[in-house]
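# Structural characterization, general
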Amino acid sequence: MSPRLTDLRGLPEDVQVPGYDRTTHGTGIVHLGLGAFHKAHQAVYTDDALGAEGGDWRIIGVSLRSTGPSEELMPQGGLYTVIERSVDGTHARVVGALDSAFALRQEPDAVEAALRDPATKIVSLTVTEKGYGIDRATGGVDRRHPAIAADLADPQNPQGVAGLLVRALGQRRTDGTLPFTVLCCDNLPENGRMLCGLLMDFARQVAPELSEHIAQEVAFPCTMVDRITPARGPATLDLAERLIGRRDEAAIEAEAFRQWIIEDDFPAGRPAWDAGGAIFVEDVRPYEEMKLRMLNGAHSMLAYTGFLLGHTFVRDVMNDPDLVPLIKRHIAAAAGTLPPMPGVDLDSYARDLSARFANPHLEHATYQIAMDGSEKLPQRVWAPACDARQKGLPLDAFAFATAAWIRYAFGRTEAGEAYDLRDPREAALRSALDGTDTAESALARLADLEHLMPEELGADAQWLRAVAVRLETMMSRGMRSAVKRELQAS
Ligand code: CS2
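Residues numbered from 1 in each chain as written. Predicted model: local features only at pLDDT ≥ 70, side-chain atom pairs only at ≥ 80, totals over all residues. Heavy atoms only, no water.

With mixed pairing, three strands are arranged side by side in an open sheet as β8-β10-β11. The outermost strands of the open sheet, each flanked by one partner alone, are β8 (223-226) and β11 (279-281). Going from strand to strand, the sheet's axes swing by 20° on average, the running direction of each strand aside. Both strand β10 (residues 259-263) and β11 contribute to a ladder of three bridges, which runs parallel. Residue Ile 261 lies in a different strand from β11, and its bridge partner there is Ile 279. Along the sheet, helix α10 (residues 285-308) contacts β8, β10 and β11; its crossing angle with β8, the most-contacted strand, is approximately 35°. (Pairing = 2+ DSSP bridges. Helix = DSSP H or I, 4+ residues; strand = E, 2+ residues; numbered from the N terminus. Axes fitted to C-alpha atoms, helices over the stretch in contact; angles between N-to-C directions. Contact = heavy atoms within 4.5 Å.)

The next subject is the domain arrangement of the protein chain. If you check the domain split of the protein chain, you get domain 1 (22-281) and domain 2 (285-489). The interface is formed by 28 residues belonging to domain 1 together with 27 residues belonging to domain 2. Linking domain 1 to domain 2 there are six salt bridges. With its nearest N and O atoms 2.9 Å apart, the salt bridge here joins Asp 226 to Arg 356. At the boundary of domain 1 with domain 2, the tally comes to 14 residue pairs in polar contact (both at pLDDT 80 or more). Of the residues in the side of domain 1 that touches domain 2, the class split is 13 nonpolar, five polar and 10 charged. (Domains from an automatic or database assignment. Salt bridge = Lys/Arg side-chain N within 4 Å of Asp/Glu carboxyl O. Polar contact = N/O pair within 3.5 Å; in protein donor to acceptor, adjacent residues only side chain to side chain. Nonpolar A, V, L, I, M, F, W, Y, C, P; charged D, E, K, R; others polar.)

This paragraph deals with the packing of aromatic side chains. Under the definition given, this model contains nine aromatic pairs. Here Phe 307 and Tyr 419 contribute two aromatic rings whose centre-to-centre distance is 4.9 Å and whose plane-to-plane angle is 75°, an arrangement assigned as edge-to-face. Of the two residues, Phe 307 sits in helix α10 while Tyr 419 sits in the loop between α16 (396-409) and α17 (426-433), which places them 112 residues apart along the sequence. The exposure classification of Phe 307 matches that of Tyr 419, with both residues buried. Taken together, the ring pairs connect Tyr 304, Phe 307, Tyr 367, Tyr 408 and Tyr 419 into an aromatic cluster. The cationic tip of Arg 258 hangs over the ring face of Tyr 45; the distance from NZ or CZ to the ring centre is 4.5 Å. (Phe/Tyr/Trp six-rings, centres within 6.5 Å; stacked < 30°, edge-to-face > 60°. Buried < 20%, exposed > 50% of the residue type's maximum accessible area, 1.4 Å probe, protein only. Lys NZ or Arg CZ within 6 Å of the ring centre and 35° of its normal.)

Here we take up the site of the ligand. Around the ligand lies a shell formed by Asn 187, Asp 226, Arg 227, Lys 291, Asn 296, His 299, His 364, Ile 369, Lys 376 and Arg 380. Arg 227 places a polar main-chain atom, nitrogen or oxygen, 3.0 Å from an oxygen atom of the ligand. Contacts to the ligand include Lys 376, whose side-chain N or O atom sits 2.8 Å from an oxygen atom. For the ligand, whose unbound accessible area comes to 340 Å², protein coverage reaches 89%. Mapped onto the shell around the ligand, the elements with two or more residues apiece are α10 and α15 (373-391). Per element, the largest residue contribution to the shell around the ligand is three residues, and it comes from α10. For the shell around the ligand, the two domains that each supply at least three residues are domain 1 (22-281) and domain 2 (285-489). (Near = heavy atom within 4 Å. Areas by Shrake-Rupley, 256 points an atom, 1.4 Å probe, with all protein chains shown as cover.)

Within this structure's numbering, the places UniProt gives as "domain: Mannitol dehydrogenase N-terminal" (unreviewed entry) are residues 28-274. When the span residues 28-274 is considered, its composition is 36% helix and 21% strand, and the gap between its end C-alpha atoms is 17 Å. (UniProt positions renumbered as here; feature names shortened; annotations may be inferred.)

Moving on, we come to the nonpolar core. What tends to happen in soluble globular proteins is that the nonpolar side chains get buried as a cluster. If you look at the biggest cluster of nonpolar residues, it comprises 75 residues, and the most contacted ones within it are Met 294, Ile 327, Phe 357, Trp 405 and Ile 406. Taken domain by domain, the makeup of this core includes at least three residues from each of domain 1 (22-281) and domain 2 (285-489). Here Ile 406 is in contact with Leu 433, Ala 442, Leu 443, Leu 446, Met 453, Val 467 and Leu 471, once residues within four sequence places are set aside. (Core = buried A, V, L, I, M, F, W, Y, C linked by side-chain atoms within 4.5 Å.)

Moving on, we come to the pairing of strand β2 (residues 58-63). Counted residue by residue, β2 has six buried out of six residues, so it is predominantly covered. Burial along β2 is two-sided: the residues Arg 58, Ile 60 and Val 62 and Ile 59, Gly 61 and Ser 63 are all buried. Relative to β2, strand β1 (residues 27-32) is paired through five bridges, and the arrangement is parallel. Bridge assignment links Leu 32 to a residue of β2, and that residue is Val 62. Strand direction decides the pairing type here: β2 and strand β5 (residues 98-103), joined by five bridges, are parallel. Looking at β5, one finds that Ile 60 is bridged to Ser 100.

Taken as a whole, this structure holds 40 salt bridges when the rule is applied. Arg 293 is the partner of Asp 387 in a salt bridge, and the nearest nitrogen-oxygen pair spans 3.0 Å. You can see Asp 387 sitting in helix α15 and its partner Arg 293 sitting in helix α10, a full 94 residues away along the chain. Using a relative accessible area of 24% as the deciding quantity, one classes Asp 387 as partly exposed. Owing to a relative accessible area of 5%, Arg 293 belongs among the buried residues under this scheme. For Arg 470, the salt bridge identified is with Glu 486, shortest N-O distance 2.8 Å. On the criterion of sequence distance, the pair formed by Arg 470 in helix α20 (residues 461-476) and Glu 486 in helix α21 (residues 479-489) is long-range, its members being 16 residues apart. One network of salt bridges, in which partners are shared, links Asp 47, Asp 48, Arg 93 and Arg 258.

As structure tokens, this is what we get:
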């Protein structure tokens, strides 16, 4: 076995390495949610920014729950490899932007100190949609969320995002330190504004004077983030070893494409992320809707449909001639709900998406994307369905995606094999569907679940019929028949 990656000496020439001396740059960012996506996205942009313009912007990464990332990264001094994979080839890049990595559960004091440190100018987050504990109906905290409940009960020992950030912002205020900018990088609509509302509501309940401070003094720029980054497969570490000649326990794989659109609102400064290709705009919303509805919406649709047809990876779905036209139809239907976007060619964006999904080198599991549907479908499928309704556009694509998700939520393959939904509302979904044997009753029970589907859709007979007809075919004749029928009708 090769020696472990601990420094940059003697790496093969074709491996890209940081274009700056790591030891001369201090930290300026704390990142919460140290998963593969952060390592493939914001950390890479920061690496580019450090190479181009320097600055004290290295990152302290924090995992809120797991200990894996810090155990992998700390022995490597924060270094890790991103293996970029596209049809044009495979390219290894060692990223130097991470300074250190902590597991909150093991080192809460180090995390507290990092968030309180005047050097920290930005706190960025990728904790997934379900990580925040937001009540989508009110925009405030969801008291049933485990971390919210724990942090409301014991705000001095926070475990979740709201608890950590509100305590740190309070400490900084007491210390006379300017607040950090909070940069949400999850696939949520108006993610910065959403997080601001969440923190204000949490503060109202534990330290009311802070709520106004957060509203007035803390910046929450919204962002659109994009890079397809599958969960690491068993072959990733061996591939990294072949490419860099070292053992890298923290290596990840991602597509070559990446995009980051950010509202430029960083009162305490920011890295030159534009050096890595990030685009700064005044209003992220059109880009975020484009991505959530076209990319993520199609992803969810193909994940449920593909999983039930026995396709393990997205690339397998893209090799199924029945599914490709339906995926393209979904992408086009999503595009139809968007306002015109000057300077953006939605047709070419759509074509690129199909090519990205078909990337033969990525093992992106349909089961991974299928996770957390109750948190994803509202912005990916139901928001565009509502807009399509209002514009008098066809609802078929959204109804098909919704039916596929409900079929998936029964938790059994067509061969009768049980699987976990891996959804924060798994128990509620399962008990709603338990014993239902008709599509109408399944849909009616889900439409009755609080804070799930928009009321507007639940009350629309045409929509309910469009979903139920498709679900009925999926339940009685199977997914392949439902797909064929859809193809004939479209
Ligand atoms: C995917 C996203 O897992 C999912 O739900 O749709 O993670 C997707 O790969 C990224 O948003 C791409 O930027």
